[in-house]
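Close look at the chain arrangement
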Amino acid sequence: MTDLELLVDLHKASKRQGPGSTTETLKALNLIKDIIKKDQLRIADIGCGSGAPTIALAQNTTGKIYAIDLFSEFLDKLKINAERLGLEEKIETIQGSMEKLPFEPNEFDIIWSEGAIYIMGFEKGIKEWRNFIKPNGFLAVSELTWTTNSRPTEIEEHWKKEYPEIDTASNKIKLLEKNGYSPIGYFTLPESCWMDNYYKPTEDRFKNFLEKHNNSPAAKNIVALEKEEIRKYIKYKEYFNYGFYIAQKV
Ligand code: SAH
């Protein structure tokens with residue numbers, strides 16, 4: 001197995017593949033609920049993973065959610081969950097890349113993406129995805145964000161290396177404005193979204209994951225990297241977070 005396959009294997013059993021919660025998904029949705037007057041919405045959920053946000057969207061909107069992810073392992077789980085909840089008519093899964101979306105221009109009322117736009121980079125993502133949003137439609141994305149104006153060197157250097165586009169909310173909002181969006185709202189995730197909903201369930205799987213892969217050096221390395229990320233989150237959580245950005249295409 002490649003490192004990427006091992007990572008998918010570690011995370012596929014999770015309810016979610018990144019920090020978040022249904023409460024925060026609905027909080028973001030609420031910011032636009034008065035503006036969405038249409039009945040049959042078309043929503044794309046990009047980098048949906050096993051679909052924790054997708055399910056929340058399907059249960060709280062009319063119309064259809066097109067859920068796209070690169071990995072079938074996650075989409076298979078989403079399909080099972082959608083069927084279990086009687087939502088299979090409302091959710092269509094698509095295996096594909098966020099960098100080459102198989103959609104038509106102006107197709108969606110809302111483009112949603114939690115914890116995934118960093119994969120292609122925030123600015124490239126908001127630029128390219130804008131083409132698929134209807135005029136006056138919406139974008140809702142969560143994105144790694146500095147929450148203070150300055151921070152300790154260790155965490156600054158770590159994230160600058162891992163994700164050079166990490167920035168403050170004011171700069172992210174400027175990018176939205178520069179690229180044809182009008183900001184509607186911004187908020188950050190509570191700690192429970194990281195610890196209770198993401199890191200702790202991941203930690204609980206380390207032992208089985210290592211056993212399953214016979215303690216291979218590659219599997220051990222993945223666990224070590226995850227542990228280090230968790231350590232940095234606990235130590236430096238006052239300096240960075242996921243910011244949820246909600247904006248309208250203008
Ligand atoms: N939105 C989900 C998952 C976030 S994790 C949640 O909040 O739980 C990021 C997701 O992006 C993973 O499911 C990963 O498989 C997917 N991904 C990675 N590269 C991708 C690409 N190029 N195109 C589409 N999805 C991708």
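Above this note sits the structure.
Let me sum up the structure you'll find in this document. Just so we're clear, the structure is a prediction, and the values are computed from it rather than from any experiment.

We now examine the site of the ligand. With respect to spatial proximity, 18 residues lie near the ligand, and among them Gly 47, Asp 69, Phe 71, Met 98 and Glu 114 are the closest. Asp 69 is positioned with one of its side-chain polar atoms (N or O) 2.7 Å from an oxygen atom of the ligand. Contact distances for the ligand include 3.2 Å between a nitrogen atom and a side-chain N or O atom of Ser 97. Within the complex, 92% of the 570 Å² of free accessible area of the ligand lies under protein. For the ligand, the cavity whose grid points lie within 2 Å of the majority of its atoms is the largest pocket.

On to the layout of surface pockets. In this structure, the largest pocket spans a volume of roughly 1,400 Å³. Lining the largest pocket are 46 residues, with Leu 7, Gln 17, Tyr 118, Ile 119 and Tyr 198 positioned closest to its centre. Contributing elements (two or more residues each) for the lining of the largest pocket: α1 (3-11), β1 (42-46), α3 (52-60), β2 (64-69), α6 (153-162), α8 (191-212) and α9 (217-236). Sort the elements by how many residues they give to the lining of the largest pocket and α9 lands first, with seven residues. Split into classes, the residues belonging to the lining of the largest pocket amount to 24 nonpolar, 11 polar and 11 charged. Of the pockets and cavities examined, the second largest pocket occupies roughly 230 Å³.

Okay, the pairing of strand β5 (residues 133-146) next. Among the 14 residues that make up β5, 11 are buried, leaving the element largely enclosed by the rest of the structure. As defined by bridge partners, strand β4 (residues 108-113) adjoins β5 across five bridges and the pair is classed as parallel. Note on β5: the bridge partner recorded for Trp 112 is Ala 140. Read from β4 through helix α5 (residues 122-130) to β5, the crossover connection turns out right-handed.

Opposite charge on two side chains makes pairing possible when the charged atoms of those side chains draw close. Tallying each qualifying case throughout the model produces 21 salt bridges. Between Glu 143 and Lys 172 there is a salt bridge whose closest N-O contact spans 2.7 Å. One end of the pair, Glu 143, is in strand β5; the other, Lys 172, is in helix α7 (residues 169-178), with 29 residues separating them in the sequence. Glu 143 gets classed as buried once you look at its relative accessible area, which sits at 1%. Among the salt bridges present, the one from Glu 154 reaches Arg 231, with a minimum N-O distance of 2.9 Å. Of the two residues, Glu 154 is situated in helix α6 and Arg 231 in helix α9; the sequence distance between them amounts to 77 residues.

Analysis parameters
- Residues numbered from 1 in each chain as written.
- Predicted model: local features only at pLDDT ≥ 70, side-chain atom pairs only at ≥ 80, totals over all residues.
- Heavy atoms only, no water.
- Near = heavy atom within 4 Å.
- Polar contact = N/O pair within 3.5 Å; in protein donor to acceptor, adjacent residues only side chain to side chain.
- Areas by Shrake-Rupley, 256 points an atom, 1.4 Å probe, with all protein chains shown as cover.
- 1 Å grid on protein atoms, 1.4 Å probe; cavity = no way out; pocket = protein on both sides within 12 Å on 5 of 7 lines; lining within 4 Å.
- Sits in = over half its atoms within 2 Å of the grid points.
- Points joined across faces, edges and corners; volume = space filled by probe spheres on them.
- Helix = DSSP H or I, 4+ residues; strand = E, 2+ residues; numbered from the N terminus.
- Nonpolar A, V, L, I, M, F, W, Y, C, P; charged D, E, K, R; others polar.
- Buried < 20%, exposed > 50% of the residue type's maximum accessible area, 1.4 Å probe, protein only.
- Pairing = 2+ DSSP bridges.
- Right-handed = clockwise from strand over helix to strand, strands pointing away.
- Salt bridge = Lys/Arg side-chain N within 4 Å of Asp/Glu carboxyl O.

From the geometry alone we can't say anything about function, so treat these as descriptive.
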